[in-house]
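Fold and contact review
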Number of protein chains: 2
Amino acid sequence: MIIDKNSPIPIYHQIEEQIKAKIENGFLLPDDAIPSEREYAEKFGVSRMTVRQALNNLVNDGFLVRQKGRGTFVSKKKVEQKLQGLTSFTEDMQERGMKPSNKLVHFEIIPAIESVASQLDVPVHTPVYEVKRVRLADDIPMALETTYLPANLIKGLTDEIINRSLYQYIEGHLKLEIDQATQQLEASTARESESKLLEVEKGAPILLILRTSFLKDGTPYEFVRSAYRGDRYKFIHQMSRNSNQS
Amino acid sequence: MIIDKNSPIPIYHQIEEQIKAKIENGFLLPDDAIPSEREYAEKFGVSRMTVRQALNNLVNDGFLVRQKGRGTFVSKKKVEQKLQGLTSFTEDMQERGMKPSNKLVHFEIIPAIESVASQLDVPVHTPVYEVKRVRLADDIPMALETTYLPANLIKGLTDEIINRSLYQYIEGHLKLEIDQATQQLEASTARESESKLLEVEKGAPILLILRTSFLKDGTPYEFVRSAYRGDRYKFIHQMSRNSNQS
DNA sequence: AAGTGGTCTAGACCACTAA
DNA sequence: TAGTGGTCTAGACCACTTG
């Protein structure tokens, strides 16, 4: 382990990366004590505060745990933040080791009904794209997904773009910055029309996911209603305690 | 604003709390610039590094945003974070404006079966508390919840503690630091036994939530299986696109 | 008693932004 | 050019844990 004091990369960041690498490569194992802050400071020829800045970042990222009077230790898990964050159906299935595919049921511009308009924060009857797809995993139906997009925001949409990647079109071509989404999950049972497309019995368990997605400036750009087969899909999700204690 | 240098509470924490209070009380509004680090240092008669530690914590908690060369500003949102993070049933129902209550079905120490043992990362047959409760909202059944806790970690549990607040006992009395949890959500239908306790028809939609919760050092301390009534409960959840860039 | 992380000081130079 | 946050130093005393 060696650092370059003349590098434009901050020293604390260099230290951080090297310790992180040791953890990820297995040179440092869970529950191992790492050298003390003073040891690192001497070894690298830097001040202890600089070492602390590196360690603080690793603690915040969940790689290390401090214990007063004892030392600093490698975290037990660092449960990978995998399925965190906004993922598309395609990304989601790939994470799960399945092959995603689509069947476009229909694609058209319609005037927004009230429930859609309110989610997208536009007046009722504003033109919106309605995209209805059966989502397959390993060629078996997984979900029935209906997406609504404001036509004046997501311009020039074609069925070809949808089949390639909607997110890439929005971020890459339209240069809009996707920020976050709110989801609602609830249990339901398959309606007649859904049961046929999903190839399950009528009344079979369905996981309904309603998602409204926003751009960086807060504009909603997408409202999605997905009906997942209860027998095939589990939604997985991580959350932390300290996100909002005040 | 004034700080007490002789207080056992660290100075940076005192500064932190006072700035946070100003934001929450509306004395500092979103996009407002706060005084510079040097101004704070002089005003409080402390070093700039101490001020920085306070501001860093507020930045990490999402209250402030730094901009190189410009200054430090109050975050736009911070309201959004609501139903984020790990919440108890009690907190969850209160957020939703409902009155939470419990009915203890049973409470005992049993040897862990395989599925529970693997979630809690202990050998099979290790003693665990099993706590089964009907969770009510406005006096109507909302969920059937079964919690498993390793008996050698969560010591001295009584039904009274459970009825008060399990989390407060773990954090306040046992001094363990709760960190994060992984959840699995799936749609199912009510079994005979569940339908009776939840007061729904057999076969009614059920939202199953399986949660494994971890301490700061990565030790799992709790595995919970909750069966929520599909007709009464929706799980709400926010996520951002850039959650995991390192 | 020795070592650890937690807190804190009083400076310093840098890159960046704004006027 | 003046002011800001970003980085860094070389110390210090504290409370805590362990031998």
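Relevant structure appears above.
These numbers come from a predicted model, not from an experiment.

**A look at the protein's contact with DNA strand D**
DNA strand D sits among 27 residues. The nearest are I11, Y12, S47 and T50 of chain A together with R48 of chain B. The contact atoms of DNA strand D, taken as those within 4 Å of the protein, divide so that sugar and phosphate hold 63%. R38 of chain B places a polar side-chain atom, nitrogen or oxygen, 2.9 Å from a base nitrogen of DNA strand D. Elements that contribute at least two residues to the surface near DNA strand D include exactly α1 (11–24) and α3 (48–60) of chain A together with α2 (37–44), α3 (48–60), β2 (64–67) and β3 (71–74) of chain B. Considering each element in turn, the surface near DNA strand D owes the most residues, four residues, to α3 of chain A. Partitioned by chemical class, the residues of the surface near DNA strand D number six nonpolar, nine polar and twelve charged.

**Comments concerning the sheet that holds β3 of chain B**
All names here are of chain B. If you trace the three strands from one edge of the open sheet to the other, you get β1-β3-β2, paired in antiparallel fashion. Where the open sheet ends on each side, the last strands, each with one partner, are β1 (33–34) and β2. Summarising the sheet, β2 and β3 pair through four bridges and their orientation is antiparallel. Across the sheet, L64 pairs through a bridge with V74, a residue of β3.

**Brief notes about the pattern of salt bridges**
All names here are of chain A. The final tally for this structure, using the stated rule, is 26 salt bridges over all chains. Among the ionic pairs, D92 bridges to R96, the shortest N-O distance being 2.8 Å. The partly exposed category is assigned to R96, whose relative accessible area is 26%. Several salt bridges share partner residues, and in doing so they unite E37, R48, R52 and R66 into one network.

**A few points about the nonpolar core**
Within soluble globular proteins, side chains that are nonpolar generally end up buried alongside one another. Counting 24 residues, the largest nonpolar core has L207, Y228 and Y233 of chain A together with L207, Y228 and Y233 of chain B as the members making the most contacts within it. At the level of secondary structure, the elements contributing two or more residues to this core comprise α4 (89–95), β6 (140–150), β7 (178–189) and β8 (205–215) of chain A together with α4 (89–95), β6 (140–150), β7 (178–189) and β8 (205–215) of chain B. Discounting chain neighbours no more than four positions away, the residues touching Y228 of chain A are F89, M142, A143, P205, I206, L207, I209 and Y233 of chain A.

Conventions used here
Note on numbering: residues in each chain are counted from 1, in written sequence order. Chains carry letters from A onward and ligands carry numbers from 1 onward, assigned in written order. The predicted nature of this model means local features are confined to residues of pLDDT at least 70 and side-chain atom pairs, given and counted, to a pLDDT of 80 or more, with totals for whole chains, interfaces and linings taken over all residues. Water and hydrogen atoms were dropped before computing side-chain values, which therefore reflect all heavy atoms in the structure. Any residue with at least one heavy atom within 4 Å of a molecule or strand is counted as near it. Identification of polar contacts relies on pairs of N or O atoms within 3.5 Å, with a donor-acceptor requirement for protein atoms, meaning one able to donate a hydrogen and the other able to accept it, and with residues adjacent in sequence counted only if both atoms are side-chain atoms. Comment: elements are numbered from the N terminus, with helices defined as DSSP H or I runs of at least four residues and strands as E runs of at least two. Under the scheme applied here, ten amino acids are nonpolar (Ala, Val, Leu, Ile, Met, Phe, Trp, Tyr, Cys and Pro), four are charged (Asp, Glu, Lys and Arg), and all others, including Gly, are polar. By definition, two strands form a pair when at least two bridges between them are found by DSSP. Here a salt bridge means any side-chain nitrogen of Lys or Arg lying within 4 Å of a carboxyl oxygen belonging to Asp or Glu. Throughout this description, buried means an accessible area under 20% of the type-specific maximum (1.4 Å probe, protein chains only), exposed means over 50%, and partly exposed covers the range between. We call a set of buried residues a nonpolar core when its members are Ala, Val, Leu, Ile, Met, Phe, Trp, Tyr or Cys and they connect through side-chain atoms within 4.5 Å of each other. Throughout, a residue-residue contact means that at least one pair of heavy atoms, one from each residue, lies within 4.5 Å.

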